[in-house]
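Descriptive analysis of the structure
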Amino acid sequence: MKKKFIPLLVVGTALIAGCNQEKATDAGSAPAATATPAIDKADAVAVVNGQYIAKSTLETLEKEIAERSHGQTFPKEKLVEELIQRELLVQDATQKQLDKSPELVAQLEAAKKALLTQADLQNFIKANPVTDAEIKAEYDSKVAAEKGTEYKARHILVKTEAEAKKLIAELDKGADFAKLANKNSLDAKESQNGGDLGWFSAAQMVAPFSEAVAALEKGKYTKEPVKTQFGFHVILKEDSRPVTPPPLEAVKEQLTPFLQRKKVQEMIETLRKQAKVEILVPLTDETPKAETAPAEPATPTTEEAPAAAEPAKAIEKAPAAAEEKPATPAAEPAKAAEPAPAAPAETKK
């Protein structure tokens, strides 16, 4: 009974590279462009048609499976069989000279560049680790320095100043702010949230809005409409509270990858400045001129009312600062793309 392939979540190319690719012995075979180190029999787990599979390849496979399957392990017998079957496929492909096809050569070259990119980034990060002093300096300048006030408010957004003034007059007569928002506000009619904006900092809102909120007393609403690019607002300030920066230890894990990315970016910018680069293609696509169709006599129609603009969201966050802030978790430097493994076909019993 023939054994089946095991579905393993590993990159086939990385494993194949770990197998010993010795020079072919028959006279018609061309020597490999780059010879891999010879593997002693004592350091191998199996030999397939004279080709040794290194113990280190098996160890790599076991490690990758553990990482990708959250600790799940497979019997060593199945892992060795998986490597044997992969080596058989490599030998078969080589015998058919598939490794010389232009498509595969291009893919291998792309995979090589991707792996070298990843290796260079990892080497740089290892040689230039983020220090505690750098983390503390970043914390002091970006996190601890962000002291201020947060506000809790509601608002009603309408298109015209006249509408806003009418709503203020209704509030003066004792109308419920939340009910007016649900009925009239462009961004609360569907949500029915009473115009609630929750807690926010001044920097998260457009300037006229945040300035109006800061100037209000707790529990008061604006007596004059506040104009922004979204329309006219009536604002109710419900509460405010001081902002307390998180302690250093609470954000240290977020600051570290942020600073790593910053160092990597600076390194790449230095390489770019030192390199002689010539761009050989246009960077903007030329839009072909559209042919103008002959104008047709307009058909008399009744005067159409201008289409109402879609209500924009009432409040948008202010444009982010040019420099990235590390307050949110930062992802690790992106790994270079890995070649996707081909799904091995199962052999029939």
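Refer to the structure above for everything that follows.
1. As for unusual backbone geometry
For residues other than glycine, phi is negative in most cases, and the peptide bonds are mostly trans. Backbone geometry at Gln-97 places phi at a positive 60°, although glycine is not the residue there. Mapped onto the fold, Gln-97 is located in the loop between α3 (76–95) and α4 (102–127). Look at Gln-192: it is not a glycine, yet its phi comes out positive at around 55°. Relative to the helices and strands, Gln-192 is located in the loop between α7 (177–184) and β4 (196–201). When its relative accessible area of 47% is taken as the criterion, Gln-192 is described as partly exposed.

2. Here's the deal with the packing of helix α5 (residues 132–143) against helix α9 (residues 248–274)
For the pair α5 and α9, the least separation of the axes is 9 Å and the interaxial angle reads 105°. Between α5 and α9, the interaxial angle falls into the category roughly perpendicular. Here Asp-132, Glu-134, Ile-135, Lys-136, Glu-138, Tyr-139 and Val-143 of α5 lie close against α9, whose contacting residues are Leu-248, Val-251, Lys-252, Leu-255, Thr-256, Phe-258, Leu-259, Lys-262 and Lys-263. Residues that form the contact of α5 with α9 fall into these classes: eight nonpolar, one polar and seven charged.

3. So, the pairing of strand β6 (residues 231–243)
Strand direction decides the pairing type here: strand β3 (residues 148–158) and β6, joined by eleven bridges, are antiparallel. Bridged to His-155 within β6 is Ile-235. Note: strand β5 (residues 226–228) against β6, three bridges, orientation antiparallel. Along β6, the bridge assignment pairs Thr-228 with Gly-231. Between β5 and β6, which pair antiparallel one after the other, the connecting turn spans two residues.

4. What about the sheet that holds β5?
Strand order in the open sheet formed by four strands is β4-β3-β6-β5, with antiparallel pairing between adjacent strands. Either end of the sheet is taken by a strand with one partner, and the two such strands are β4 and β5. Adjacent strand axes in the sheet meet at a mean angle of 45° when their direction is disregarded. Pairing geometry for β3 and β4, over four bridges, is antiparallel. Bridge pairing in β4 links Lys-152 to Trp-199. Taken strand by strand, helix α6 (residues 161–172) contacts β3 and β6, and its axis lies near 55° from that of β6.

5. Re the environment of Lys-63
By secondary structure assignment, the location of Lys-63 is in helix α2 (residues 55–68). On the accessibility criterion, Lys-63 (55% relative accessible area) is exposed. Spatially, the C-alpha atom of Lys-63 lies 9.2 Å from that of Thr-73, the residues being ten residues apart in sequence.

What counts and what doesn't
- Residues numbered from 1 in each chain as written.
- Predicted model: local features only at pLDDT ≥ 70, side-chain atom pairs only at ≥ 80, totals over all residues.
- Heavy atoms only, no water.
- Helix = DSSP H or I, 4+ residues; strand = E, 2+ residues; numbered from the N terminus.
- Buried < 20%, exposed > 50% of the residue type's maximum accessible area, 1.4 Å probe, protein only.
- Axes fitted to C-alpha atoms, helices over the stretch in contact; angles between N-to-C directions.
- Parallel < 35°, antiparallel > 145°, perpendicular 65-115°, else oblique.
- Contact = heavy atoms within 4.5 Å.
- Nonpolar A, V, L, I, M, F, W, Y, C, P; charged D, E, K, R; others polar.
- Pairing = 2+ DSSP bridges.

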